[in-house]
Amino acid sequence: MLKFRETLKIVVVGHVDHGKSTVIGRLLYDTKSLPEGAIEKVKRISKETGKPFEYAYLLDAFEEEQKQGITIDTTQIQFHTKKRDYVIIDAPGHVEFLKNMISGAANAEAALLVIDANEGVREQSKRHGYILSLLGIKKVYVLVNKMDLIDYSEEKFLDVKSDMDTFLKSINVFPQKYIPVSAFYGENIALRSKKMPWYKGDTVLDALDIFEKDKDIIDKPLRLPIQDVYKFDNRRIIAGRIESGVLNVGDEIVIYPSKRTSKIKTIEYWQEKDKTTKVEAGMSVGITLFDEFFYKRGEFITRKDDEAPLVGDTFKANIFWMGEKRLTMNKRYKLKLVTQETECEIAAINKVIDASTLFSNDNAKEVNTNEVAEVVIKTKDKICFDEFRNNHVTGRFVIVDGYDISGGGIINGLEILDVANKFVKENVELPITCFDEYYYLIPYNEIKKVAVERKSYKIGDKLPINGDTYYYPDNFDVIDLNNELSALIRDGKLVDLINLNDYKYEGYPVYSSDGFLARVKNQDDFINFKNDFKESKYDLVDFANKWYDPLANKRIVYKAV
């Protein structure tokens with residue numbers, strides 16, 4: 001019987017000249033994992049190009065790549081130790097190919113970050129470190145390479161370690177080890193170096209075997225996204241692919257986002273030989289439940305005792321944008337996450353990174369082709385998902401622009417949006433949406449409210465009383481009946497924020513916090529306005545129709561998106 005061998009995926013990143021490919025080539029050489037004839041091929045290519053032998057060339061997929069002198073393809077190469085097998089991802093370190101590095105790193109559980117001991121910590125190395133943070137890779141070793149160029153100096157090694165450690169900790173990456181190596185000469189790769197007797201730690205190969213592998217997909221909480229429901233005889237069969245976990249006949253289950261509960265009645269089969277009472281991750285299955293109610297595509301089935309998925313309509317994500325058109329806020333896109341499909345918008349763009357230069361922009365308003373962005377996404381409907389670090393399948397999504405898949409992303413967690421601007425006085429806050437814009441979107445034949453950049457206005461602040469689609473007078477009052485607060489605006493500035501019980505009508509127009517003009521002309525009107533709101537005989541619809549003029553101080557502006 002064959003013994004099961006564990007496999008661990010690693011990504012290797014670093015500056016193009018810091019010897020990353022040499023590290024990988026040396027690992028393959030020292031573990032005898034190279035295909036037959038590989039060494040002879042590299043020697044031949046080196047001779048033809050007039051270059052010295054390089055272990056890095058063992059990784060290059062095509063001879064043309066050696067002629068260019070840089071690694072282009074994201075390659076996945078296997079090697080092994082006594083403990084387990086490894087799939088090592090050679091993510092190109094050259095900035096022009098960073099997007100390939102990102103796509104490779106997204107499938108890795110651990111990372112080796114390579115730094116040149118002679119050059120120290122370059123800005124590019126810091127940015128590669130940031131990418132590991134962006135992808136949530138927490139298992140990291142830093143290899144300080146080319147120690148031969150600094151005469152294997154412990155002092156210089158410690159200087160590089162201190163510089164890099166300070167930066168990585170600032171972005172919540174905490175390397176488990178710093179290992180001084182000379183990949184070209186094989187120092188501290190497979191065997192302990194005699195030239196660095198001061199280093200008492202593990203070699204690279206020994207250290208790799210110390211990495212703890214992530215929990216296997218079948219050991220994670222059950223995630224069975226519903227693909228479809230079929231009526232067969234008297235049965236309603238729920239079909240889908242189990243993305244993680246295990247499911248048994250008789251298990252108590254919860255369906256999200258509705259949180260309805262039931263029990264597994266049967267696991268369906270075509271032939272008697274396929275009959276089973278247990279299925280697990282990776283299997284496409286059909287099941288029936290004891291309780292008959294409406295199930296729909298996209299819902300998640302989980303076991304009652306398992307950790308529940310996240311459910312919400314707003315989440316933080318890191319997006320890799322490949323679309324020809326720019327990714328912009330307040331535009332409709334389609335989001336696909338396993339079997340779920342829903343409309344979505346980009347609610348906030350927190351940071352954008354240019355994949356060709358690694359330059360970051362904290363004030364970007366859009367995302368261009370081949371840029372990476374930290375964003376907040378708002379979906380039309382509530383959906384189910386997990387953080388990517390907990391489940392790679394249910395924590396990953398794609399975005400469709402029109403008919404084209406234009407971007408992919410990973411989820412970092414739920415986000416609670418600050419849904420409104422605020423008037424603020426000391427510890428008192430009045431949420432407002434009166435400065436939001438209302439546009440008529442021609443492609444959708446509808447009016448849509450578009451939120452402006454969120455801001456808190458303090459006493460004395462000048463207010464944006466004129467927008468694209470609204471225009472308020474210089475002097476008016478804002479009344480929030482729910483929170484029993486009133487704001488006084490004079491000469492376009494916020495001058496006071498008071499309790500509604502202390503407010504007296506002074507002849508100025510009265511608006512709701514949403515920006516709708518109240519039909520209040522005097523103090524008696526205002527008292528009736530308040531009383532009607534409190535009386536239960538008026539529901540909100542009747543109250544709004546009676547007291548608010550939705551078109552006052554408003555104008556329609558057409559927009560394409």
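Residues numbered from 1 in each chain as written. Predicted model: local features only at pLDDT ≥ 70, side-chain atom pairs only at ≥ 80, totals over all residues. Heavy atoms only, no water.

- Looking at an unreviewed UniProt entry, one finds the protein chain named sulfate adenylyltransferase, with Thermoanaerobacterium thermosaccharolyticum M0795 as its source organism.

**Examining the packing of helix 5 (residues 123–134) against helix 6 (residues 154–170)**
Alright, step 1. Relative to each other, helix 5 and helix 6 sit at 35°, their axes nearing to 10 Å. Like other packed secondary-structure pairs, helix 5 and helix 6 cross with a definite hand, here right-handed. Contacts between helix 5 and helix 6 involve Ser 125, Lys 126, Gly 129 and Tyr 130 from the former and Met 164, Phe 167 and Leu 168 from the latter.
Alright, step 2. Split into classes, the residues belonging to the contact of helix 5 with helix 6 amount to 4 nonpolar, 2 polar and 1 charged. (Axes fitted to C-alpha atoms, helices over the stretch in contact; angles between N-to-C directions. Helix = DSSP H or I, 4+ residues; strand = E, 2+ residues; numbered from the N terminus. Left-handed = near helix turned anticlockwise from the far one by under 90°. Contact = heavy atoms within 4.5 Å. Nonpolar A, V, L, I, M, F, W, Y, C, P; charged D, E, K, R; others polar.)

**Quick word on the pairing of strand 10 (residues 252–256)**
Alright, step 1. Extensive coverage of strand 10 is indicated by the burial of 4 of its 5 residues.
Alright, step 2. Once strand 10 ends, the chain turns through 3 residues before running back antiparallel as strand 11 (residues 260–267), passing Lys 259 with a positive phi of about 65°.
Alright, step 3. With 4 bridges connecting them, strand 10 and strand 14 (residues 300–303) associate as antiparallel partners. Bridge pairing in strand 14 links Tyr 256 to Phe 300. (Buried < 20%, exposed > 50% of the residue type's maximum accessible area, 1.4 Å probe, protein only. Pairing = 2+ DSSP bridges.)

**Comments concerning the packing of aromatic side chains**
Alright, step 1. On inspection of all chains with the given rule, the structure shows 24 aromatic pairs.
Alright, step 2. With a centroid separation of 5.8 Å and an interplanar angle of 70°, the aromatic rings of Phe 315 and Phe 397 are classed as edge-to-face. Of this pair, Phe 315 sits in strand 15 (residues 310–321) while Phe 397 sits in strand 22 (residues 396–401), placing them 82 residues apart in sequence.
Alright, step 3. By relative accessible area, Phe 315 is classed as buried at 0%.
Alright, step 4. Measuring from centroid to centroid gives 6.2 Å for Phe 435 and Tyr 472, while their planes differ by 70°, and the two rings are edge-to-face. Of this pair, Phe 435 sits in the loop between strand 25 (428–432) and strand 26 (437–441) while Tyr 472 is found in the loop between strand 28 (456–458) and strand 29 (476–480), placing the two residues 37 residues apart along the sequence. Pair check on accessibility: Phe 435 and Tyr 472 agree, each one buried. (Phe/Tyr/Trp six-rings, centres within 6.5 Å; stacked < 30°, edge-to-face > 60°.)

**Digging into the sheet that holds strand 25**
Alright, step 1. Taken in spatial order, the 3 strands make up an open sheet running 25-24-28, and their pairing is mixed. The open sheet terminates on both sides in strands that have one partner only, identified here as strand 25 and strand 28. Across the sheet, the mean angle from the axis of one strand to that of its neighbour is 25°, orientation sign disregarded.
Alright, step 2. Here 5 bridges tie strand 24 (residues 421–425) to strand 25, and the two strands are oriented antiparallel to one another. The residue of strand 25 that forms the bridge with Lys 422 is Pro 431.

**Observations concerning the environment of Asn 475**
Alright, step 1. Along the chain, the position of Asn 475 falls in the loop between strand 28 and strand 29.
Alright, step 2. Not counting residues up to four positions away in its chain, the partners in contact with Asn 475 are Ile 489, Arg 490, Asp 491, Tyr 508 and Pro 509.
Alright, step 3. There is a polar contact of 2.8 Å between the side chain of Asn 475 and the backbone nitrogen of Asp 491. (Polar contact = N/O pair within 3.5 Å; in protein donor to acceptor, adjacent residues only side chain to side chain.)

**A closer look at the pattern of salt bridges**
Alright, step 1. Per the stated rule, a full pass over the model turns up 27 salt bridges.
Alright, step 2. A salt bridge links Asp 30 to Arg 26; the nearest nitrogen and oxygen atoms lie 3.3 Å apart. Of this pair, Asp 30 and Arg 26 both sit in helix 1 (residues 20–30), 4 residues apart, which is roughly one turn of that helix.
Alright, step 3. Glu 299 is the salt-bridge partner of Arg 260, the closest N and O atoms lying 3.0 Å from each other. Of this pair, Arg 260 sits in strand 11 while Glu 299 is found in the loop between strand 13 (284–289) and strand 14, placing the two residues 39 residues apart along the sequence.
Alright, step 4. We classify Arg 260 as partly exposed; its relative accessible area is 24%.
Alright, step 5. Residue Glu 299 is classed as buried on the basis of its relative accessible area of 4%.
Alright, step 6. Here the salt bridges share partners, and the residues they tie into one network are Asp 233, Arg 235 and Glu 268. (Salt bridge = Lys/Arg side-chain N within 4 Å of Asp/Glu carboxyl O.)

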